[in-house]
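Tertiary structure, described
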Number of protein chains: 2
Amino acid sequence: MLNLKSYAELIEVELTNIQLPNSPIALYDPIAYFLKIGGKRIRPILTLLAAELFSIEKSEVIPQALAIEIFHNFTLIHDDIMDLAPLRRNQQTIHEKWDSNVAILTGDALMIIAYQHLGRIELQFLPEAFESFNKTALEVCEGQQMDMDFETRNDVTIHEYIEMIRLKTSVLLGAALNLGAIVAKASTKEKESLRIFGENIGIAFQIQDDILDLYSDPTKFGKQVGGDVIANKKTLLHLTAVTKANREQLKIISQLQSENDISLKISRTKELFDHLEIKQECIYRMEAHYKLAIDALNSINVSEKHKTPLLELAQFLITRDL
Amino acid sequence: MLNLKSYAELIEVELTNIQLPNSPIALYDPIAYFLKIGGKRIRPILTLLAAELFSIEKSEVIPQALAIEIFHNFTLIHDDIMDLAPLRRNQQTIHEKWDSNVAILTGDALMIIAYQHLGRIELQFLPEAFESFNKTALEVCEGQQMDMDFETRNDVTIHEYIEMIRLKTSVLLGAALNLGAIVAKASTKEKESLRIFGENIGIAFQIQDDILDLYSDPTKFGKQVGGDVIANKKTLLHLTAVTKANREQLKIISQLQSENDISLKISRTKELFDHLEIKQECIYRMEAHYKLAIDALNSINVSEKHKTPLLELAQFLITRDL
């Protein structure tokens with residue numbers, strides 16, 4: 001059984017051991033704060049597991065794992081400013097605890113620190129790792145921009161939505177695996193399979209996230225059930241509903257967007273979604289991406305034993321009780 | 001005679017030729033806009049001149065020159081958000097023309113694009129160039145943080161101020177030269193001399209900037225003379241005055257900070273500064289850094305003819321008629 005906790009703890013220790021300069025403290029205090037507020041550390045664990053898939057010690061890819069996690073943290077800090085989010089993992093966000101200017105600069109510095117860790121890779125792997133990292137980093141920015149664009153657009157298609165979540169969150173999972181595979185001297189085909197695995201697990205996870213927002217057990221869900229509905233977010237549930245709804249139902253969806261009674265808004269939306277069988281359709285789509293991921297992993301020619309940890313991680317990320 | 005204009009035009013052409021992705025346009029339009037609003041392009045020109053100093057064709061360091069200029073543009077975009085600056089080179093800033101979120105993301109993407117250009121360097125030079133670039137990039141963030149810290153501090157020393165401008169603006173000039181020197185396979189000593197040249201020219205330029213703010217000809221100065229005084233900025237003029245002033249004069253300086261009559265505030269400040277001979281002291285300091293720069297350049301063992309362009313650029317940056 002994959003001991004995720006021990007991997008996450010390894011990453012925690014490595015993050016804590018990063019030697020940050022002492023001054024200016026107004027720059028490095030927020031960085032130290034943010035690196036310590038935790039998270040599942042899925043991305044760096046993927047880098048370690050990709051190396052282990054090809055029998056390479058995880059210690060050989062620690063700097064690359066850190067580069068991915070630090071880059072991810074940079075994106076969280078800047079996204080939180082843009083989303084005006086007060087909390088991240090139940091802790092104050094940087095712009096909330098300090099201010100926006102500090103958060104902008106902290107994010108910038110973290111991105112550079114991510115590159116510093118990436119640069120610790122063996123020279124023979126540097127060009128490929130650097131190019132892959134740059135490409136992915138830019139795609140993450142593109143995904144974030146698409147997400148912001150969608151807020152004011154009323155013609156977002158499901159295809160565009162999937163592409164947005166692929167860029168905003170999933171390509172980084174693919175890049176995390178790719179860095180481990182590069183150091184393990186995996187073949188082009190193996191790297192491509194891992195990328196497909198990572199991206200599709202990411203997409204399946206995000207779809208699950210959309211479903212759980214409305215269909216999770218309030219006693220187990222950590223936040224307000226229906227938060228996306230309240231905020232009129234164009235989730236996959238909403239976009240699927242729009243494609244399946246008839247004219248009358250479209251009118252109801254539109255009217256519900258300006259409904260002020262929150263619990264009525266949620267219950268009426270859910271009622272309509274249930275009628276249109278939206279949840280099931282989203283689950284099908286999630287499962288399709290999950291299958292693409294597993295098939296890609298299975299296509300890699302290493303022993304089943306070596307694939308087990310990545311399979312278990314995929315299963316951990318995608319709960320089976322939707 | 002150094003034809004600065006032809007170098008700047010070369011950089012303009014190269015910046016214009018950068019192939020940006022087509023979408024999302026909300027991300028790439030602001031990037032294209034900002035890369036076209038001009039500037040003196042001093043930093044990339046330094047990279048070209050450093051290569052030419054060692055008889056390397058400038059065409060061989062174009063990607064590195066672009067990396068430096070694009071990185072510089074990223075810092076401008078984020079600094080403009082933090083400073084709430086409405087204009088940059090007489091054009092609307094990104095956060096003003098679009099909004100802060102767009103400006104944050106545009107800056108992030110530009111930093112990544114800078115790394116993409118840096119990555120086009122020959123493999124043998126990549127580790128050193130990458131490390132130098134990362135170190136400098138982080139120093140620029142540190143300088144920006146110090147600058148922000150100084151706004152609320154009343155005990156800033158001249159030493160700290162010089163260190164702030166060194167980090168915020170001058171190290172990037174040094175790094176620009178260093179990238180050219182790396183490709184030219186310059187010796188460690190030569191690279192160090194060029195770094196000293198670049199950093200001290202940068203410091204001298206910033207000191208000149210502080211002096212010109214109060215002591216330039218209003219008919220020639222592009223902006224409000226005394227703008228720093230109005231904004232109570234802790235420039236070198238102010239910090240020098242604080243160290244030279246007696247108790248009575250310190251009180252006047254403090255009172256003037258809350259003077260609402262702008263022209264009175266400027267004229268009284270100037271009167272006091274003249275009495276304390278602040279301008280002359282700042283000129284001495286500027287000249288000292290200028291001399292450090294020239295001495296460092298002169299210590300490099302290449303023909304005088306090859307040094308002339310860098311000397312002329314230094315002279316161009318530091319006007320002699322203060």
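Keep in mind the model is a prediction, meaning the values are calculated, not measured. (Residues numbered from 1 in each chain as written. Chains lettered and ligands numbered in written order. Predicted model: local features only at pLDDT ≥ 70, side-chain atom pairs only at ≥ 80, totals over all residues. Heavy atoms only, no water.)

Turning one copy of the chain about an axis and sliding it along that axis gives the other copy, so a rotation and a shift relate them. Rotating chain A by 180 degrees about the axis while translating it 0.0 Å along that axis superimposes it on chain B, leaving an RMSD of 0.0 Å. Here the two chains are linked by the operation of a two-fold rotation axis. Here 100% of the interface residues in chain A have copies in chain B that are interface residues too; the copies meet face to matching face. (Least-squares fit on C-alpha atoms with pLDDT ≥ 70 in both. Contact = heavy atoms within 4.5 Å.)

Attention shifts here to unusual backbone geometry. Here Ser23 of chain A and Pro24 of chain A are connected by a cis peptide whose omega angle stands at 0 degrees. Mapped onto the fold, Pro24 of chain A is located in the loop between helix H1 (4–16) and helix H2 (25–35). In this structure, Ser55 of chain A takes a positive phi of about 65 degrees despite not being glycine. Checked against the element boundaries, Ser55 of chain A lands in the loop between helix H3 (42–53) and helix H4 (62–82). At Glu277 of chain B, a position not held by glycine, the phi torsion is positive, near 55 degrees. Here Glu277 of chain B is to be found in the loop between helix H13 (262–275) and helix H14 (278–298). Residue class for Glu277 of chain B comes out exposed when judged on its relative accessible area of 53%. (Helix = DSSP H or I, 4+ residues; strand = E, 2+ residues; numbered from the N terminus. Buried < 20%, exposed > 50% of the residue type's maximum accessible area, 1.4 Å probe, protein only.)

Listed by partner, the interface residues are 36 residues for chain A and 36 residues for chain B. A combined buried area of about 3,300 Å² lies between chain A and chain B, and 77% of that area is made up of carbon and sulfur atoms. For the pair chain A and chain B, the interface holds 0 salt bridges. Seen at the junction of chain A and chain B, the total is 6 residue pairs in polar contact (both at pLDDT 80 or more). Elements that contribute at least two residues to the side of chain A that touches chain B include exactly H2, H4, helix H6 (100–118) and helix H7 (126–151) of chain A. In the side of chain A that touches chain B, the residues fall into 24 nonpolar, 8 polar and 4 charged. (Buried area = accessible area lost by both parts, 1.4 Å probe. Salt bridge = Lys/Arg side-chain N within 4 Å of Asp/Glu carboxyl O. Polar contact = N/O pair within 3.5 Å; in protein donor to acceptor, adjacent residues only side chain to side chain. Nonpolar A, V, L, I, M, F, W, Y, C, P; charged D, E, K, R; others polar.)

With respect to the helices, strands and loops of the structure, Lys191 of chain A is situated in helix H9 (residues 188–215). Ignoring any residue separated from it by four or fewer positions in sequence, one finds Lys191 of chain A in contact with Glu128, Asn178, Ala181, Ile182 and Ala186 of chain A.

Before going further, it helps to spend a moment on the side chain of Thr235 of chain A. All names here are of chain A. Structurally, the position occupied by Thr235 is in the loop between helix H10 (227–230) and helix H11 (236–244). What makes Thr235 buried here is its relative accessible area of 7%. Leaving out residues up to four positions away in the same chain, Thr235 has contacts with Tyr161, Asp210 and Asp228.

Right, let's talk about the packing of aromatic side chains for a bit. The tally for this structure, following the rule as stated, stands at 14 aromatic pairs over all chains. On the basis of an interplanar angle of 85 degrees and a centroid distance of 6.0 Å, the ring pair of Tyr115 of chain A and Phe130 of chain A is categorised as edge-to-face. Of this pair, Tyr115 of chain A sits in helix H6 while Phe130 of chain A sits in helix H7, and the two are 15 residues apart along the sequence. The buried category is assigned to Tyr115 of chain A, whose relative accessible area is 0%. Since its relative accessible area comes to 2%, Phe130 of chain A is described here as buried. Pairing Tyr115 of chain B with Phe133 of chain B gives two aromatic rings, centres 5.1 Å apart and planes at 65 degrees, and the pair type is edge-to-face. With Tyr115 of chain B in helix H6 (residues 100–118) and Phe133 of chain B in helix H7 (residues 126–151), this residue pair connects regions lying 18 residues apart in the sequence. Lying over the aromatic face of Trp98 of chain A, Lys97 of chain A brings its terminal NZ or CZ to 5.5 Å of the ring centre. (Phe/Tyr/Trp six-rings, centres within 6.5 Å; stacked < 30°, edge-to-face > 60°. Lys NZ or Arg CZ within 6 Å of the ring centre and 35° of its normal.)

Turning our attention to the nonpolar core. Where a protein is soluble and globular, its nonpolar side chains tend to be buried together. Ranked by internal contacts, the top residues of the largest apolar core, which has 235 residues, are Tyr115, Leu194 and Phe197 of chain A together with Tyr115, Leu194 and Phe197 of chain B. The contacts of Tyr115 of chain A, once residues within four sequence positions are left out, are Phe130, Phe133, Asn134 and Ala137 of chain A together with Ile112, Tyr115, Phe130 and Asn134 of chain B. (Core = buried A, V, L, I, M, F, W, Y, C linked by side-chain atoms within 4.5 Å.)

This part covers H13 of chain B. Residue and element names in this part refer to chain B. Between its first and last C-alpha atoms H13 spans 20 Å; for 14 residues at 1.5 Å apiece the expected length is 20 Å, and the two agree. Of all the residues in H13, the buried ones are Lys265, Ile266, Thr269, Leu272 and Phe273. What you see down the axis of H13 is that its buried residues fit within an arc of 135 degrees, all on one side. Along H13, exposed side chains directed more than 90 degrees from the buried face belong to Ser263, Glu271 and His275. (Expected span 1.5 Å × (residues − 1). Arc of directions from axis to C-beta.)

Before going further, it helps to spend a moment on the packing of helix H12 (residues 247–257) of chain A against helix H13 (residues 262–275) of chain A. Residues and elements named next belong to chain A. Taken N-terminus to C-terminus, the directions of H12 and H13 make an angle of 160 degrees; their axes are 10 Å apart at the nearest point. Between H12 and H13, the crossing angle belongs to the class labelled roughly antiparallel. Relative to H13, the crossing made by H12 is left-handed. Between H12, through Gln249, Ile252, Ile253, Leu256 and Gln257, and H13, the contact on the second element is made entirely by Lys265, Arg268, Thr269, Leu272 and His275. For the contact of H12 with H13, the per-class residue count stands at 4 nonpolar, 4 polar and 2 charged. (Axes fitted to C-alpha atoms, helices over the stretch in contact; angles between N-to-C directions. Parallel < 35°, antiparallel > 145°, perpendicular 65-115°, else oblique. Left-handed = near helix turned anticlockwise from the far one by under 90°.)

It is worth stressing that arrangement in space is one thing and function is another; only the former is reported here.
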